[in-house]
There are 2 protein chains.
Amino acid sequence: MQFFLDGFRAGDPDVKPEAVRPTSDSDVVDVLVIGHGPAGALIAAQLSEFPGITTRLLERRETPMIQGQADGVNCRSIEMLNAFGLADRLNREGCFVNETAFWGANAAGTGIVRTGRVRDAEDGISEYRHVLLNQARLHEYLAEKMGNSPTRLQPEFGMEVIDLKLPDNPADLSQPDSVVVRQLNLPGQPETVIKAKYVIGCDGARSTVREALGLKLIGVPQFHGWGVLDVLATTDFPDIRRKVIIQAPGGGLAILPREGGYMTRLYVDLGDFEPGDNPRDRVSKDDIVAEAKRLFAPYTFEPKEIPWWSIYEVWQRVTERFDDVPDAERGKRSPRVFTAGDACHTHSAKIGGGMNLSMQDTFNLGWKLAAVLEGRSPVSLLDTYNDERMPLAHEFIEFDKVWAPMVDGKAPDGTAFSTEQLRNRFQEVEHYTAGVATHYPAALLVGKDTHQRLANGFTVGMRFHSAEVTRLADALRLHLGHTHEADGRWRLYAFGDAAPITSDSSRLRALCEWLVDSPDSPIRRYTAAGADIDAVFDVRGILQQSHNELEPEDLPSLLLPIKGSLGLNDYEKAFTRGVNDGDKDIFDVREIDRSQGALVIVRPDQYVANILPLDAYKELSDFFAGFMIPVK
Amino acid sequence: MQFFLDGFRAGDPDVKPEAVRPTSDSDVVDVLVIGHGPAGALIAAQLSEFPGITTRLLERRETPMIQGQADGVNCRSIEMLNAFGLADRLNREGCFVNETAFWGANAAGTGIVRTGRVRDAEDGISEYRHVLLNQARLHEYLAEKMGNSPTRLQPEFGMEVIDLKLPDNPADLSQPDSVVVRQLNLPGQPETVIKAKYVIGCDGARSTVREALGLKLIGVPQFHGWGVLDVLATTDFPDIRRKVIIQAPGGGLAILPREGGYMTRLYVDLGDFEPGDNPRDRVSKDDIVAEAKRLFAPYTFEPKEIPWWSIYEVWQRVTERFDDVPDAERGKRSPRVFTAGDACHTHSAKIGGGMNLSMQDTFNLGWKLAAVLEGRSPVSLLDTYNDERMPLAHEFIEFDKVWAPMVDGKAPDGTAFSTEQLRNRFQEVEHYTAGVATHYPAALLVGKDTHQRLANGFTVGMRFHSAEVTRLADALRLHLGHTHEADGRWRLYAFGDAAPITSDSSRLRALCEWLVDSPDSPIRRYTAAGADIDAVFDVRGILQQSHNELEPEDLPSLLLPIKGSLGLNDYEKAFTRGVNDGDKDIFDVREIDRSQGALVIVRPDQYVANILPLDAYKELSDFFAGFMIPVK
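This one's a predicted model, so the numbers in the text were calculated from it and none came from an experiment.

1. Comments concerning the overall build of chain A
- When its secondary structure is counted, chain A shows 14 helices and 29 strands.
- Expected size for 632 residues packed as a compact globule is a radius of gyration near 26 Å; at 25 Å, chain A falls within 12% of this value.
- The C-alpha extent of chain A, read off along each of the three principal axes, is 75 × 65 × 50 Å.
- Across the 632 residues that make up chain A, the buried fraction comes to 62%.
- Taking the intrachain contacts of chain A between residues at least 6 apart in sequence as the baseline, contacts between residues at least 24 apart amount to 72%.
- A total of about 22700 Å² of accessible surface is found on chain A, and carbon and sulfur atoms cover 50% of it.
- Taken as two groups, the 69 positive and 93 negative side-chain charges of chain A have centres that lie 1 Å from each other.

2. As for the relation of the copies chain B and chain A
- For the match of chain B to chain A, the screw axis carries a shift of 0.0 Å, the RMSD comes to 0.0 Å, and the turn is 180 degrees. Such values leave the two copies arranged in the relation of a two-fold axis. Using C-alpha coordinates, one finds that chain B approaches the rotation axis most closely at Asp88(B), a distance of 3.5 Å.
- Both copies share a contact surface, since 100% of the interface residues of chain B are interface residues in chain A too.

3. Describing the pattern of salt bridges
Residues and elements named next belong to chain B.
- Enumeration over the complete set of coordinates arrives at 131 salt bridges over all chains.
- Among the ionic pairs, Glu 191 bridges to Arg 182, the shortest N-O distance being 3.8 Å.
- The closest approach of N and O atoms between Lys 401 and Glu 398, which form a salt bridge, is 3.8 Å. Of this pair, Lys 401 and Glu 398 both sit in helix 8 (residues 383–407), 3 residues apart, which is roughly one turn of the helix.

4. Quick notes on the sheet that holds strand 18 (residues 317–319) of chain B
Residue and element names in this part refer to chain B.
- Strand order in this open sheet of 3 strands is 12-18-20, and the pairing throughout is antiparallel. Looking at which strands have only one partner, the edges of the open sheet turn out to be strand 12 (217–218) and strand 20 (345–346).
- The pairing of strand 18 with strand 20 spans 2 bridges and is antiparallel. Bridging from a neighbouring strand, Val 318 pairs with His 345 of strand 20.
- Across the sheet, helix 8 touches strand 18 and strand 20, and the angle it forms with strand 18 is around 165 degrees.

5. Description of the state of the cysteines
- The tally for this structure, following the rule as stated, stands at 0 disulfides over all chains.
- Distance from the sulfur of Cys95(B), which forms no disulfide, to the nearest cysteine sulfur (Cys75(B)) is 14 Å.

6. Digging into unusual backbone geometry
All names here are of chain B.
- The linkage connecting Asp 120 with the following residue, Ala 121, adopts the cis geometry, with an omega of -10 degrees.
- Structurally, Ala 121 is set in the loop between strand 6 (112–119) and strand 7 (131–132).
- At Gln 606, a position not held by glycine, the phi torsion is positive, near 75 degrees.

7. Focus: the packing of helix 8 of chain B against helix 9 (residues 419–428) of chain B
Residues and elements named next belong to chain B.
- For the pair helix 8 and helix 9, interaxial distance at closest approach is 10 Å and the crossing angle is 145 degrees. In this structure, helix 8 crosses over helix 9, and the sense of that crossing is left-handed. Residues Trp 403, Met 406 and Val 407 of helix 8 pack against Leu 422, Arg 425 and Phe 426 of helix 9.
- By residue class, the composition of the contact of helix 8 with helix 9 is 5 nonpolar, no polar and 1 charged.

8. Here we look at the interface of chain B and chain A
- Every contact between the two is made by 64 residues of chain B and, on the other side, 64 residues of chain A.
- Summing both partners gives a buried area of about 5700 Å² for chain B against chain A, and 52% of it is carried by carbon and sulfur.
- A per-residue breakdown of the area chain B buries against chain A is headed by Phe8(B), Arg92(B) and Tyr262(B), which together make up 15% of the total.
- Applying the counting rule to chain B against chain A returns 10 salt bridges.
- For Glu551(B), the salt bridge identified is with Arg117(A), shortest N-O distance 3.7 Å.
- At the boundary of chain B with chain A, the tally comes to 24 residue pairs in polar contact (both at pLDDT 80 or more).

9. Quick look at the environment of Ala41(A)
Residue and element names in this part refer to chain A.
- Locating Ala 41 in the fold gives a position in helix 1 (residues 38–47).
- For the pair Ala 41 and Ala 143, spaced 102 residues apart in sequence, the C-alpha separation works out to 6.8 Å.
- With near-sequence residues (within four places) excluded, Ala 41 lies in contact with Gly 35, His 36, Leu 57, Leu 142 and Met 146.

10. Examining the packing of aromatic side chains
Residues and elements named next belong to chain B.
- Within this structure, the stated rule accounts for 68 aromatic pairs over all chains.
- Ring centres of Phe 495 and Phe 587 lie 5.7 Å apart, and the angle between their planes is 90 degrees; this geometry places the pair in the edge-to-face category. Placement of the pair is Phe 495 in strand 23 (residues 490–495) and Phe 587 in helix 13 (residues 586–589), with a sequence separation of 92 residues.
- Looking at Phe 495, the relative accessible area reads 0%, which means it is buried.
- Judged by its relative accessible area of 2%, Phe 587 is buried.

11. A look at the confidence of the model for chain A
- Chain-level statistics for chain A give a pLDDT mean of 94 and a share of 99% at 70 or above.
- Predicted complex metrics record ipTM = 0.95 and pTM = 0.96.

12. Side note on the pairing of strand 29 (residues 608–612) of chain A
All names here are of chain A.
- The element strand 29 is extensively covered by neighbouring structure, given that 5 of its 5 residues are classed as buried.
- With 4 bridges connecting them, strand 28 (residues 598–602) and strand 29 associate as antiparallel partners. From the neighbouring strand, Ile 601 faces strand 29, where its bridge partner is Asn 610.
- Linking strand 28 to strand 29, which pair antiparallel, is a turn of 5 residues; within it Gln 606 sits at a positive phi near 75 degrees.

13. A word on helix 7 (residues 353–373) of chain B
- Here helix 7 of chain B contains 21 residues, and its C-alpha end-to-end distance of 30 Å stays within 8% of the 30 Å for a straight helix at 1.5 Å per residue.
- At the C-terminal side of helix 7 of chain B, Gly375(B) shows a positive phi close to 80 degrees.

14. Some details on the packing of helix 2 (residues 75–82) of chain A against helix 7 (residues 353–373) of chain A
All names here are of chain A.
- Packing of helix 2 against helix 7 leaves a shortest axis separation of 9 Å and a crossing angle of 40 degrees. Looking at the two axes, helix 2 sits oblique to helix 7. Seen from above, helix 2 lies across helix 7 with left-handed handedness. Residues Arg 76, Ser 77, Met 80 and Leu 81 of helix 2 lie in contact with helix 7, whose contacting residues are Asn 356, Met 359, Gln 360 and Phe 363.
- Along the lines of polarity and charge, the residues of the contact of helix 2 with helix 7 split into 4 nonpolar, 3 polar and 1 charged.

15. Here we look at the sheet that holds strand 5 (residues 99–105) of chain A
Residue and element names in this part refer to chain A.
- Taking strand neighbours across the sheet as the criterion, the 7 strands line up as 6-5-14-15-16-13-17 in an open arrangement whose pairing is mixed. The sheet terminates laterally at strand 6 (112–119) and strand 17 (301–313), the two strands that pair on one side only. The sheet shows a mean angle of 20 degrees between the axes of neighbouring strands, direction not considered.
- Helix 9 (residues 419–428) rests against strand 5, strand 6 and strand 14 (243–248) of the sheet, and its axis sits at about 15 degrees to strand 6.

16. A short note on the environment of Arg321(A)
Residues and elements named next belong to chain A.
- Within the fold, Arg 321 resides in the loop between strand 18 (317–319) and strand 19 (337–339).
- Relative accessible area serves as the criterion here: at 13%, Arg 321 is assigned to the buried category.
- Taking C-alpha positions, Arg 321 is 7.8 Å from Leu 215, a pair spaced 106 residues apart along the chain.
- Sequence-distant contacts of Arg 321, defined by excluding residues within four places in its chain, comprise Leu 213, Leu 215, Pro 326, Arg 330, Thr 339, Asn 386 and Met 390.

17. With respect to helix 4 (residues 135–147) of chain B
Residue and element names in this part refer to chain B.
- The end-to-end C-alpha distance of helix 4, which contains 13 residues, comes to 19 Å, matching closely the 18 Å that a straight helix rising 1.5 Å per residue would cover.
- Burial within helix 4 is extensive, with 11 of its 13 residues counted as buried.
- Taken together, the buried residues of helix 4 touch helix 1 (38–47), strand 2 (55–59), strand 3 (72–73), helix 2 (75–82), helix 3 (87–93) and helix 7.

18. Points about the pairing of strand 6 of chain B
Residue and element names in this part refer to chain B.
- Where burial is concerned, most of strand 6 is hidden: 6 out of the 8 residues are buried.
- As judged from the 7 bridges shared by strand 5 (residues 99–105) and strand 6, these two strands associate in the antiparallel manner. Following the sheet pairing, Trp 103 is matched in strand 6 by Arg 114.
- What sits between the antiparallel neighbours strand 5 and strand 6 is a turn of 6 residues, in which Gly 109 has the positive phi angle 70 degrees.

About the cut-offs
- Residues numbered from 1 in each chain as written.
- Chains lettered and ligands numbered in written order.
- Predicted model: local features only at pLDDT ≥ 70, side-chain atom pairs only at ≥ 80, totals over all residues.
- Heavy atoms only, no water.
- Helix = DSSP H or I, 4+ residues; strand = E, 2+ residues; numbered from the N terminus.
- Rg over C-alpha atoms; globule rule 2.2 N^0.38 Å.
- Buried < 20%, exposed > 50% of the residue type's maximum accessible area, 1.4 Å probe, protein only.
- Contact = heavy atoms within 4.5 Å.
- Areas by Shrake-Rupley, 256 points an atom, 1.4 Å probe, with all protein chains shown as cover.
- Lys, Arg positive; Asp, Glu negative; His and termini not counted.
- Charge placed at Lys NZ, Arg CZ, Asp CG, Glu CD.
- Least-squares fit on C-alpha atoms with pLDDT ≥ 70 in both.
- Salt bridge = Lys/Arg side-chain N within 4 Å of Asp/Glu carboxyl O.
- Pairing = 2+ DSSP bridges.
- Axes fitted to C-alpha atoms, helices over the stretch in contact; angles between N-to-C directions.
- Disulfide = S-S within 2.5 Å.
- Left-handed = near helix turned anticlockwise from the far one by under 90°.
- Nonpolar A, V, L, I, M, F, W, Y, C, P; charged D, E, K, R; others polar.
- Buried area = accessible area lost by both parts, 1.4 Å probe.
- Polar contact = N/O pair within 3.5 Å; in protein donor to acceptor, adjacent residues only side chain to side chain.
- Phe/Tyr/Trp six-rings, centres within 6.5 Å; stacked < 30°, edge-to-face > 60°.
- pLDDT = per-residue confidence, 0-100.
- Expected span 1.5 Å × (residues − 1).
- Parallel < 35°, antiparallel > 145°, perpendicular 65-115°, else oblique.

This is how it looks when you write it as C-alpha cells:
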C-alpha cells in the first residue's frame with residue numbers, strides 16, 4: 001500500500017481523505033447504479049473513488065442481504081478484488097478450494113465411490129486460489145470500500161425502481177435519463193425521479209432496467225431443477241471439505257466446502273420436469289434433504305442446521321444487447337443505459353459463472369464510464385462494453401451447455417459420461433472455471449497480436465497474469481500485478497532490453513525519456529497539467545539486472561518520479577527480475593524477449609491491451625489516440 | 001479462521017457474539033490494566049476474549065495516540081499478533097524490512113560510503129518478516145480486537161492513576177487491590193477507587209504503578225542522546241527505502257523505511273553529553289535536521305514534512321522485580337500487581353526491544369492470569385511471570401550494552417568497530433533482533449531437554465517455530481503454527497511415528513486414545529464436563545503419510561472431534577507432512593524423529609513447554625499436574 005504522499009495522516013489508510021465537493025442535488029447524478037449485488041456493488045465501489053463523479057447505488061431489498069445465493073469467488077475475481085484491496089481479507093475469511101474430488105456409482109450401482117481427485121485450481125493458473133464465501137460478505141466488503149472512499153458512498157436500501165425513461169435525444173448528453181423510484185420503507189411518500197447521465201441495471205434476472213429498455217432474456221428453458229442448501233451437517237463422507245462432483249446412481253450432487261470450516265453448500269439434482277410442473281412449487285426443504293441423503297449412500301448425512309435453501313431452475317439466457325442502443329442506432333450514438341450480471345445473462349451454477357462473470361462485467365464498464373465522465377475519452381468508448389461483454393456471455397453459455405450436462409453424466413452426444421472422463425475434461429476447462437479464459441479480440445481497446453512473441457506469457461486480450469519481481473529500492477519480493485489498483489489508470493509494464501538501463505543504447509531508457517519528453521507521448525498528451533506524471537499512465541520498469549547491480553539514481557526520472565503536493569520520490573516504479581518457482585525470473589516465466597524487452601500495456605481492468613517493442617513509439621502513440629482525448 | 005460451530009451468523013466473523021454476563025459494579029473488576037501502550041493493549045485484547053473475566057483498560061492520555069514512538073514490529077511479534085488475527089492486516093499496511101545496508105566513512109573521511117547489505121531477517125528465521133508501522137496503528141488494531149471480543153472491551157482515555165494500594169493481606173484473594181483514579185476530562189469530579197483482583201502497570205518508564213510499589217528503574221544513565229524524526233523527505237541517498245546503519249564521520253545515523261512508501265524514521269546521533277546538559281533541554285528539531293544533513297553527506301537530504309520528532313536519552317534500566325512480591329515474601333504468597341514493558345525495563349532503540357519485548361511480557365502474563373481467574377491453575381502460576389521475564393530483561397540489557405556501542409562504531413573494548421565488522425556481527429545477532437532468541441530455562445512451565453532430540457527443530461523453552469503442513473481433510477497447505485490462536489489454550493502437536501495411524505502399533509493412535517480415555521489424561525483431568533474436548537488442550541496430529549493415503553475415518557476420534565452445540569465435526573485437527581522449501585516436509589525441516597514421532601507441547605504464549613515421546617504418558621500427566629487444578 002502507498003499512502004502519505006501528501007503528508008502524514010493518522011488512522012486507517014484504507015479510509016481515504018474525504019473529498020471536498022460542491023453541494024449538489026442528490027437527485028441529479030452522473031451514474032445511477034441499480035442493484036446492490038456483486039455487479040452493482042463492484043462498480044459503485046470503483047466509481048466512488050473518483051471525487052469528480054457523483055454516483056448513487058439503489059437496492060430494492062430493505063436491508064442488506066445476509067446469506068445465500070452465490071458463494072464461489074474464482075481466481076480471476078480475486079485478482080480483480082486485490083485491485084480493490086480486498087484479496088487479503090477474502091483469503092483470510094473464505095474457504096480455499098484445494099482439490100476437487102469426483103465420485104461415481106459403485107460397480108454394484110448401490111452407492112457412490114470415489115473415482116479420483118485433482119488439484120483445483122492447478123498451480124500456476126493464478127497466484128490466487130478459488131475461494132468460497134457467502135456472497136453477502138462480498139457485498140459488505142464492497143460497501144465498506146465505498147464508505148471509505150473519497151466520496152463516502154453508501155448504498156441505499158428499500159429503493160425500488162418503477163420506471164426508466166431515456167431522454168428524447170439520447171445522443172445529447174445534456175439530457176439525463178430519468179429513473180422513477182419508490183421508497184419502500186416510506187409507503188406514504190410520492191415517487192421520486194432521479195436524473196442520471198448513465199444508468200446501470202444490476203438488478204438481476206427480473207431486471208426492471210432491462211425491461212424498461214424493452215429487452216428480454218432469451219434462451220430455451222431446460223426444465224431441470226436443482227435444490228441448493230447451505231448446511232451444517234455431520235457425515236462420514238470423506239471428501240466433505242473438498243469440492244466434489246458426484247454422479248450418483250439416479251442423480252447428481254455437488255459439494256462446496258464453505259467458510260469457517262463447518263458449513264457446506266450442496267447442489268442436489270432434482271431432475272428434469274415437465275413445463276408447468278416446476279419443482280419450486282412442490283419441492284420442500286425436507287424433500288431436498290431426503291434426496292441428498294439418498295445420493296450420499298452408503299455414507300450418512302445428518303443436517304444439524306440449514307441456514308439457507310433454495311430451488312433453482314437452470315436457464316441459460318442472454319439478452320439482445322447489454323445497453324440501450326438499438327441495432328439501427330448502433331455506431332450513431334453511444335449508450336446511456338447498461339445492464340450487467342444476471343440482468344443480461346444467466347447460467348447454470350456449475351461454472352461459477354454468475355457472481356464472477358457479473359463482477360467482471362462491471363469491472364469492464366467502470367473504468368470506461370470514469371474515463372468518459374472525466375473527459376479523457378469520447379463517449380464512443382462506452383460502445384465497447386456491449387461489444388466486449390455480450391459475445392463473452394454467449395461463449396459462456398455455449399461452454400455451459402456442453403459442460404453442465406457432462407457434470408450430470410451426459411456427453412454432448414447424449415451418451416453416458418463417466419466421472420473418469422469428467423475428471424480428465426475438468427482440467428482442460430479449468431481456465432474457464434478459474435475465470436482466466438476471457439480473451440477479447442483485437443478491436444479499439446485491444447491491439448493485434450503482431451508483437452505477441454516479445455512476451456508470450458502475457459496474451460494480448462487476456463488478463464495480465466502476474467508473476468513475482470523484486471523491487472529495486474527496497475528488495476521487496478512481490479507480485480508485479482499487485483501494484484495494479486482499481487483506480488482507472490493504465491499500466492505500462494516496460495520490460496528491459498539486454499542493454500543496461502544506464503547505457504545510452506538502452507531501449508527502456510529511451511522509451512522512458514520519450515514518454516516524458518515527446519509531444520507524441522501519451523503521458524504528455526493525456527495527462528492534465530499539474531497532475532502527477534502517473535495520474536493517467538502508471539509506468540513500471542522491470543529490469544534484467546539484479547537489485548544489487550543497480551541504484552535508484554541509475555533510473556530514468558520516469559521510474560523514480562517526483563509526485564504529490566510535497567514533491568516526494570515514488571520508489572515503487574522500478575523492479576528487477578525477481579525469483580519465481582524453481583529460480584525462474586519473470587522474464588523466464590512470462591517468456592519476455594531478453595534481447596529486445598517488451599512493453600506490455602494493461603488496461604485499467606487488468607486486461608493486456610497490447611504488446612509492443614520498446615521503441616514502437618508511433619504504434620504506442622497511435623494506440624491511445626484511438627480512444628483518448630488530448631488535454632487542452 | 002473457524003466459525004459457525006454453533007450455527008450460522010451473519011456479518012463479520014471477527015466480531016464475536018457478545019457474551020451475556022451478569023451486570024456488575026464496573027468499579028470492581030478482575031483485572032485492571034493501566035496504560036494503553038503495546039503491552040497494555042495486548043493483554044487487554046487477550047483478556048477481553050474470556051467472558052468470565054472482567055477487565056478495564058485505563059489510559060492517561062485523553063485521546064488515542066496517533067503517531068510517534070516505536071515503529072518496529074519484529075518477526076516474533078508478528079507470529080504472536082497472528083494469534084490475534086492481526087498479522088495479515090499488519091503485513092498489508094506495514095513496511096517490510098527486506099535488507100539492511102551498512103555505511104561507513106569513505107576513505108577520505110569526507111562522507112559516507114556503502115560497505116555492504118544483508119538480507120534482514122535472513123530467510124528461515126521466521127515465516128514472517130520485520131515490519132515497520134506507526135505504533136499508534138497497533139494500538140488501534142488491538143482496540144478493535146477488544147471491541148469485537150465477547151466482552152466488547154473499550155479502552156478508557158483520560159483516566160489518570162493517582163495511587164495504588166495493596167490489600168492488607170495480599171495472600172487473601174477476597175481482598176482487592178485499590179486503585180485511585182482521576183478522570184482528566186471531568187475536572188470537577190471526585191477521584192474514584194477501582195477495586196481489582198489484579199493490576200497490571202503498563203504505564204511506561206514513569207510508571208505510577210511501579211512507583212506505588214516503591215520500585216525504581218535501576219541502571220546507569222549513558223548520557224548519550226538521539227534525535228528521532230518521522231520525516232517525509234527527498235534525498236538521493238540510494239538506500240533510503242532500506243534499513244540502514246550509518247557510521248558517518250563524526251556521528252551515527254540509522255534509517256528505517258516506513259509504511260506507505262514515502263515516510264522514513266531517522267535516528268540521529270546527538271553524541272555524549274555531560275550530566276545536567278541533556279539535549280532534550282537545548283536541541284531543536286532544526287538542530288536534528290541539520291545534523292542529519294551533515295551525516296548524509298555527500299548525499300542530499302531535504303525534509304518536506306516532519307510529522308513527529310523527539311529526543312531520547314539511552315538509559316538501560318530494569319526494576320527490582322516485575323511484581324509486588326518483596327523478596328522476603330517470595331514463595332509465600334503470589335503477586336497481585338505486575339509491571340510490564342517500559343514500566344519495568346528500558347533499552348536503547350537499536351534492538352527493537354521496547355515495543356516488542358513489552359508485548360511479549362504481557363503475552364507471557366495474559367494466559368496465566370486467565371488460567372488462574374478461571375480456576376484452572378493455582379495462583380502460584382503467577383510467580384512465573386517475574387521468574388521468566390525479569391532475567392530476560394537483564395539479558396537484553398547485556399546484549400544491548402554490547403550491541404548498541406557497536407552500532408555507534410565502538411567494540412566492547414572501546415576500539416573502533418568497522419561497518420564490515422558490524423555487518424558480520426549483525427547476522428550473528430539476528431535471532432535477537434528478530435525476537436526469536438528468547439529461551440526460558442527448565443522450570444515449572446518448561447520441561448527439561450531430556451527428549452529434545454526427538455524434535456530438534458523445536459527447542460524446549462523457545463518459541464514454536466512454524467513450518468508448513470497439508471491439512472488432511474481438504475488438502476490446504478498452511479503453516480501449522482497459524483492454527484494457534486491467543487485463546488489461552490495449550491497446543492499438543494503430536495507428530496506421528498513410523499507406524500500408520502490405522503495400525504494397532506501406532507503410538508500416535510495410542511496417545512490419542514489414552515488422552516480421551518485415561519483418568520490420568522490432562523484432557524480428562526482439566527477439561528470441564530460439557531466443554532468441547534479441545535477447550536483446554538488443542539491436540540493436532542501431524543502424520544507422515546500423504547493426504548492422499550488417508551481418509552478422515554482413519555483418524556482417532558480426538559483428531560476428528562465432535563464439537564459445539566450442534567455436534568459438528570472439526571476437520572482441522574489432522575495434518576499430513578506438507579511441503580516446505582526444496583520439497584522438504586515438516587519432519588525434515590523440524591528434525592522430527594521419523595521412527596518414534598514426538599509430542600511437542602506448546603504453551604498458550606507459543607513457547608515450547610516440553611518435548612516428549614508419544615508414549616510418555618506419565619511424564620505428560622506429571623508435567624501438567626505441576627500447575628493445573630483438576631476439575632471437580
